[in-house]
Amino acid sequence: MSVSRLFSSLKFGTYIPSPVFFHQRKAVHMEQRWRKMPQARKSSSTAATEDVSNRLRDLSVSENSGQSHASVSSVQFGTIGTLNHLPAQGVNWKPKSYGTVSGATSIEIEKPKADQATIAKDGGGSKTASAEKSDTAASKLFNGNLLEDFTVDKYTYSRAQIRATFYPKFENEKSDQEVRTRMIELVSKGLGTLEVSLKHSGSLFMYAGHEGGAYAKNSYGNVYTAVGLFVLGRTFQEAWGSHASKKQSEFNDYLEKNRMCISMELVTAVLGDHGQRPLEDYAVVTAVTDLGKGRPSFYSTPDVIAFCRKWRLPTNHVWLFSTRKSVTSFFAAYDALCEEGTATPVCKTLDEVADISIPGSKDHIKVQGEILEGLVGRIVSHESSKYMEEVLRDSPPFELEGVDLDFGPSLREICAANRSDEKQQIRALLQNVGTSFCPNYVDWLGKEGTNVHSRNADRSILSKFLQSNPSDFSTTKFQEMIRLMREKRFPAAFKCFYNFHKTDSVSSDNLQFKMVIHVHSDSAFRRYQKEMRHNPGLWPLYRGFFVDLNLFKATKDGASEVAKDCVDLTNNVPDKNESGKGGLADEDANLMIKMKFLTYKLRTFLIRNGLSILFKEGPAAYKAYYMRQMKIWNTSAAKQRELSKMLDEWAVYIRRKHGHKQLSSSIYLTEAEPFLENYAKRSPQNQTLIGSAGNLVRAEDFMAIIDGGKDEEGDLETEKELAPSSPSPSVVKDAVRKNEGLIVFFPGIPGCAKSALCKEILSSSAGLEDDRPVHSLMGDLVKGKYWQKIAEQRRKKPYSIMLADKNAPNEEVWRQIESMCRSTKSSAVPVVPDSEGTETNPFSLDALAIFTFRVLNRVNHPGNLDKASPNACYVLLVFYHLYDGKNRQEFEADLIERFGSLVKMPLLMPDRRPLPESIKSTLEEGINLYRLHSNRHGRLDSTKGTYAQEWTKWEKKIRDILFGNAEYLNSIQVPFESTVKQVLQQLRSIVKGDYTAPTTPPSTEKRKLGNIVFAAVDLPVMDIQSLLYNLGEKNSNVEAFFKDKNMTTSLKKAHLTLAHKRSHGVIAVANYGSVLHQNIPVEMTALFFSDELAALEGNPGSSSDGEKVTSKNIWPHVTLWTAEGIAAKEANNLPQLFSEGKATKIEINPPITVTGTVEYY
């Protein structure tokens, strides 16, 4: 079987991410305040050679992934694995019209000096001797053979200097409920404090000084960083007024001298739509990083606030919860607001329940709007509250000095006036930043005088860097990190670029580069964290990871000195991270939780992210998609009904308006916001569902130009977007209906015995014990597109059972099968070979060895994949890697989620001996060779390319070893007859409806926390029934009343309501969080009943901790019975009915105590 044929038979989908988005500009004054709650709740060279070659200039490597750059094509090398892809108070902003501002004091924008502007054709300006010297150095780098001629020997050293990092992406192995429980436990024991901040809806922007650079998440030198730099510059102007230029210079010097980086959430309306177009363009500082000479360390939040107040930078809204009562109330408050919360009620509620509240410099409501993305909570030191009080006392709020100054055109005006291309917009933005923040444009527009603006560097840099001697501790740890990621084949890439800032120092013995570590999948962070648990000395894998690389030669004497210094540094550099843990264990120090609001998610996930499915696959597929998302979020049934009605109407509206032309996700709010506003106006219920709508900011005229529609990260993944499900995701019908068809397909690997299994099913006398005809279509005998042929057969024979005898290895094929199910009214059942799998692949090496062994024993295979095929084992590796990126659990869960069931084909004996080391090591050798081959040549056949000879040797080696272990390989396989029998049993169970989906392990459990409506004491029904029986024996009136009520079966639940969200407010409900799940005694003092109602009067007592529990209801009671058509809430009127002589009261003396637990409903 040829590789070209293999790849032509598979469809590889390309995910093009939607851009993200972000308004205006001017502030009046700053009046920050922080509030400490009442005491009762208180609680981070030699000259270059003259030989010129065209090697680097002519180098052309296509971009694999990532952010676009103006006039720059990003080059990835060393791609690994698969490419799976806080609000302020008292801050008033003045919106500015797009015309000229009258009456404002004018301030001159700093102009670039002649010797600083390196713009040439891209911006003008004369060159000085310094500029000419820089051009000469750049020419040596770009037009010479410096990198090619740079050889690695024992005198070759490297230095890696981290330039920018953001926090590592946290991936909790525990469920949300487990994380909450641990957080509450730590706070309750005084071991930590819960710190919560607002999640502004924007993009990551990092700044390390004018030499250190400006960065987005996985890129730099593009429109995203230009916009970020402009907003940062404007922030300094608004804060410092006429002193802005001086302060900008001082700030740059401070960052450079102290090797620091600031990270900000950049929120603008020019970069694409999120949940709501912001009213202002702004940024909020989210992290300050000390890069130093060792491991980067992050400032604590109090230190971030002190730092920002010193430089007058915007801070986030932060709340601290240091007592059990406050932390439990916080989680309860979120659960009560998660489906309806907007900025105003969320912030107000958290202000009430928190021990300390520190409003941010930017009021989310005034600068972004009411739609709030979410909250981020993390455990910090138990001393944090005390330290925060000291910082707030010593670092008072600041006044804005640039309120009445005219800074020139706004961000939106600049983008609107420069819409010819991205490069023009970037240049215009940078020119308005001024030279303090942007003395040159080389990161964006290239180097003047070289005629080469590309920053692309050769792929060999990574290998030369890893082969070189580390010159310091940081380099040693960085090399360790990269080696691990390459060895484990993490889904990440290391992009390398020329460092334009350091061209003056370039020589044949001294090369300068900049590296971007681009993680393609969140699974890499999870896997890396696991490695760190085994090797605590590893440095973290950061989000936003940029490093300056220096390769240089040292003399013999100099080399020994560098080596000695490196040893000294390695032994003496402290781990700064330890001091930042505040006495917390590693696991607890990294304990974080992200909590988003449904009003945001319905816009971004359900509307924006569903546009492609809606326009390409139609309303049915779109409905399946959004229903699946809501199920994963555990959205309440009521909200699911409301959202389904609204989204169905949206689908009809937008398709009718746009036809078959898909609405751009970058400006989807242009259509969605007016629709949502009109929908909200129809009823208060709709208004609550939508949250907030109206006052649309129109962005079409000032949108930044983003090449290819990509986002600043190159791989937009706000939350994992899920493919549309089949008609009944993860729920198996009572039986597969006889008026439906059935598709049996095989997500497997060649050699898994699918064809043999299909033959056995066809020839079985009993078959599937179903009267529908069974057909099979063998992929190796079909010419053309196989799955289109299957679809044609489904349309011709809609009620038949089709055995799709072809490997279905990727999600693109699964999507096609789902589409067939919807269009041809059928169900689908995946049949997969059973295997333990690895951390990153659903199939183990044992299974791969068996599949390969079976293929090599084939003769005259219809698909030409047998022992006569010269590269048969390579083809097996190609299929094996198509499953990379998912472990077995994730693989099976995905299939069950999509198709509702899963059939496992027994493969390996459970009591088998371990795989011989010779087989294991040879397979691993092939996997490593495959990685090298695919990184360099992609899909090129193994008989061609750089590694052709290595492949020939490996093919022979693996065959010899497998045949040499034939007896072992035959002994560990489940007999085929048994496999057939078990598969038939499973398929018959599914057809009959007897199938039960496997339970999901706790590590992947979905969020069980729903939308809280009220708090109550949950009482045992048996105890209530016993109480009523005893009352009836003592009182004939009671016995007579309940005689025909059959309370034994009619009373299913019993509770005493403590507070209701609608009647008493979110805070009242949330305050019972401190006694959640605790036993509370309830004294029953009387029984009330009328012709239509019956209830027990009850008084709740105290918890085991002595906390008194009081109901917010005027009359605390337990509703026992209501007549047909009477609502339970009418029981509140029984005391009034009794006073009017319309109800009976039976005193219970002495009172009877029934104990229950406090729960949320």
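Check the entry above for the structure.
The rules behind these values
Residues numbered from 1 in each chain as written. Predicted model: local features only at pLDDT ≥ 70, side-chain atom pairs only at ≥ 80, totals over all residues. Heavy atoms only, no water. Helix = DSSP H or I, 4+ residues; strand = E, 2+ residues; numbered from the N terminus. Buried < 20%, exposed > 50% of the residue type's maximum accessible area, 1.4 Å probe, protein only. Areas by Shrake-Rupley, 256 points an atom, 1.4 Å probe, with all protein chains shown as cover. Axes fitted to C-alpha atoms, helices over the stretch in contact; angles between N-to-C directions. Parallel < 35°, antiparallel > 145°, perpendicular 65-115°, else oblique. Contact = heavy atoms within 4.5 Å. Nonpolar A, V, L, I, M, F, W, Y, C, P; charged D, E, K, R; others polar. Salt bridge = Lys/Arg side-chain N within 4 Å of Asp/Glu carboxyl O. Pairing = 2+ DSSP bridges. Polar contact = N/O pair within 3.5 Å; in protein donor to acceptor, adjacent residues only side chain to side chain. Phe/Tyr/Trp six-rings, centres within 6.5 Å; stacked < 30°, edge-to-face > 60°. Lys NZ or Arg CZ within 6 Å of the ring centre and 35° of its normal. Expected span 1.5 Å × (residues − 1). Arc of directions from axis to C-beta. Core = buried A, V, L, I, M, F, W, Y, C linked by side-chain atoms within 4.5 Å.

K.L.:
Any details on the overall build of the chain? Residues and values, ideally.
P.N.:
Counting secondary structure elements, the chain contains 44 helices and 32 strands. Looking at the chain as a whole, 58% of its 1161 residues qualify as buried. A total of about 46300 Å² of accessible surface is found on the chain, and carbon and sulfur atoms cover 50% of it.

K.L.:
Pulling in residues and values, what's your account of the packing of helix α33 (residues 872-881) against helix α35 (residues 917-937)?
P.N.:
Where α33 meets α35, the axes come as close as 10 Å, and the angle between the chain directions of the two elements is 80°. Relative to α35, α33 is oriented roughly perpendicular. Seen from α33, the contacting residues are Y874, L877, V878, Y880 and H881; seen from α35, they are G926, I927, Y930 and H933. For the contact of α33 with α35, the per-class residue count stands at 6 nonpolar, 3 polar and no charged.

K.L.:
Summarise the environment of S242; cite the residues concerned and give the values.
P.N.:
Considering the arrangement of structural elements, one finds S242 in the loop between α7 (223-240) and α8 (244-258). Look at S242 and you get exposed, because its relative accessible area is 60%. In this structure, the C-alpha to C-alpha distance between S242 and G402, residues 160 residues apart in sequence, is 7.2 Å.

K.L.:
Describe the pattern of salt bridges, listing the residues and the values that go with them.
P.N.:
In the structure shown here, the tally under the stated rule is 47 salt bridges. E401 serves as the salt-bridge partner of R312, at 2.9 Å between the closest nitrogen and oxygen. Of the two residues, R312 sits in the loop between α9 (301-311) and β13 (318-321) while E401 sits in the loop between α13 (384-394) and β16 (405-406), which places them 89 residues apart along the sequence. One salt bridge connects K681 with E677, and the closest N-O pair in it is separated by 3.8 Å. Under the relative-accessibility criterion, K681 is labelled exposed at 61%. Taking the relative accessible area as the measure of exposure, E677 reaches 27% and is therefore partly exposed.

K.L.:
Which residues make up the pairing of strand β11 (residues 282-290), and what values go with them?
P.N.:
In summary, the side chains of a regular strand alternate between the two faces of the sheet. Among the 9 residues that make up β11, 7 are buried, leaving the element largely enclosed by the rest of the structure. Pairing analysis gives 8 bridges linking strand β10 (residues 260-267) to β11, with the strands arranged antiparallel. Looking across to β11, one finds that M264 is bridged to V285. Here β11 folds back onto strand β12 (residues 297-298) in antiparallel fashion, the turn holding 6 residues, of which G292 has a positive phi close to 50°.

K.L.:
Pulling in residues and values, what's your account of the sheet that holds strand β24 (residues 801-807)?
P.N.:
Here 5 strands make up an open sheet; going across it, the order is β23-β24-β22-β25-β26 and the pairing parallel. The two strands at the open ends of the sheet, each matched to only one other strand, are β23 (774-778) and β26 (903-905). Direction aside, the axes of adjacent strands within the sheet are offset by 20° on average. Bridge count between β23 and β24: 5 bridges; the pairing is parallel. Paired with V774 across the two strands is I801, which belongs to β24. Its contacts with the sheet put helix α30 (residues 786-796) on β22 (741-746), β23, β24 and β25 (826-833), and the angle it makes with β24 is roughly 175°.

K.L.:
I'd love a proper account of the side chain of T1085, names of residues and values included.
P.N.:
Structurally, the position occupied by T1085 is in strand β29 (residues 1079-1089). Of note is the side chain of T1085, whose polar atom sits 2.6 Å from the side chain of E1097. Apart from the residues within four sequence positions on either side, T1085 is in contact with E1097, N1099, I1146, E1147, I1148 and P1151.

K.L.:
Tell me what's going on with the side chain of S395, and back it up with residues and numbers.
P.N.:
Of note, S395 is situated in the loop between α13 and β16. The buried category is assigned to S395, whose relative accessible area is 16%. Residue contacts for S395: discarding those within four places in its chain leaves A306 and R309.

K.L.:
Give me the lowdown on the sheet that holds strand β9 (residues 214-215), citing residues and values where you can.
P.N.:
On the basis of which strands lie adjacent, the open sheet formed by 5 strands has the order β9-β8-β10-β11-β12 and antiparallel pairing. Every other strand in the sheet has two partners, leaving β9 and β12 as the edge strands with one partner each.

K.L.:
Pulling in residues and values, what's your account of the packing of aromatic side chains?
P.N.:
Enumeration according to the criterion identifies 48 aromatic pairs in this entry. Summarising the aromatic geometry, the rings of F251 and W311 are spaced 5.2 Å apart at their centres and angled 65° between planes, so their arrangement reads as edge-to-face. Of the two residues, F251 is situated in helix α8 and W311 in helix α9; the sequence distance between them amounts to 60 residues. Through pairs of rings, three or more aromatic residues link up here, namely Y207, F236, F251, Y254, Y299, F307, W311 and F437. A cation over an aromatic ring shows up here: K806 above the ring of Y786, its NZ or CZ 5.6 Å from the ring centre. Across from the ring centre of W1121, 4.8 Å away, lies the NZ or CZ of K1045, which sits over that ring.

K.L.:
Go over the pairing of β25, please, and point to the residues and values.
P.N.:
Taking burial as the measure, the 8 residues of β25 include 8 buried ones, the bulk of the element. In β25, alternate side chains face the same way, and those of S826, A828, P830 and V832 on one face and S827, V829, V831 and P833 on the other are all buried. When β22 meets β25, the two strands line up parallel, connected through 5 bridges. Bridge pairing in β25 links I743 to A828. Note: β25 against β26, 3 bridges, orientation parallel. The partner of P833 across the bridge, within β26, is M905.

K.L.:
With reference to specific residues and values, describe helix α15 (residues 422-433).
P.N.:
Between its first and last C-alpha, α15 extends 17 Å over 12 residues, near the 16 Å set by a 1.5 Å rise per residue. Counted residue by residue, α15 has 9 buried out of 12 residues, so it is predominantly covered. Residues E422, Q425, I426, R427, A428, L429, L430, N432 and V433 constitute the buried set of α15. Check the buried side of α15 and you find it contacts α7, α8, α14 (411-417) and α16 (442-445). By the N-cap criterion, in which a side-chain oxygen at the helix start approaches the backbone nitrogen of a residue two or three places on, α15 is capped by D421, the distance to K423 being 3.1 Å. The first or second residue beyond α15 is G434, which carries a positive phi of 100°.

K.L.:
Can you break down the environment of G192 residue by residue, with the values?
P.N.:
If you trace the backbone, G192 turns up in the loop between α5 (176-188) and β7 (193-199). For the pair G192 and V380, spaced 188 residues apart in the sequence, the C-alpha separation amounts to 5.6 Å. Ignoring sequence-local partners within four residues, the contact set of G192 consists of L186, V187, I379, V380, S381 and H382.

K.L.:
Mind laying out α8, listing which residues take part and the relevant values?
P.N.:
Along its 15 residues, α8 runs 21 Å from first to last C-alpha, staying within 8% of the 21 Å computed at 1.5 Å per residue. When we look at burial in α8, the residues that qualify are A244, K247, Q248, F251, N252 and L255. Down the axis of α8, the sector holding all buried residues measures 140°, keeping them to one side. Exposed residues on α8 whose side chains face more than 90 degrees from its buried face are K246 and K257. In this structure, the buried residues of α8 make contact with β8 (203-207), α6 (209-212), α7, β10, α9 and α15. After α8 finishes, the residue R259 shows a positive phi value of roughly 50°.

K.L.:
Requested: an account of the nonpolar core, with residues and values cited.
P.N.:
In a soluble, globular protein the nonpolar side chains are often hidden away together inside. Counting residues in hydrophobic clusters, the biggest one holds 73 residues, and the most contacted among them are L194, F321, L375, I1024, M1084, L1087 and L1120. The leading source of residues in this core is helix α10 (residues 324-337), at 8 residues. In this structure, L194 is in contact with M183, V187, W319, L320, F321, V327, F330, F331, G377, R378 and I379, ignoring residues within four places of it in sequence. Formed by 63 residues, the second largest nonpolar core is a distinct cluster that contains F851, F853, V855 and Y874.

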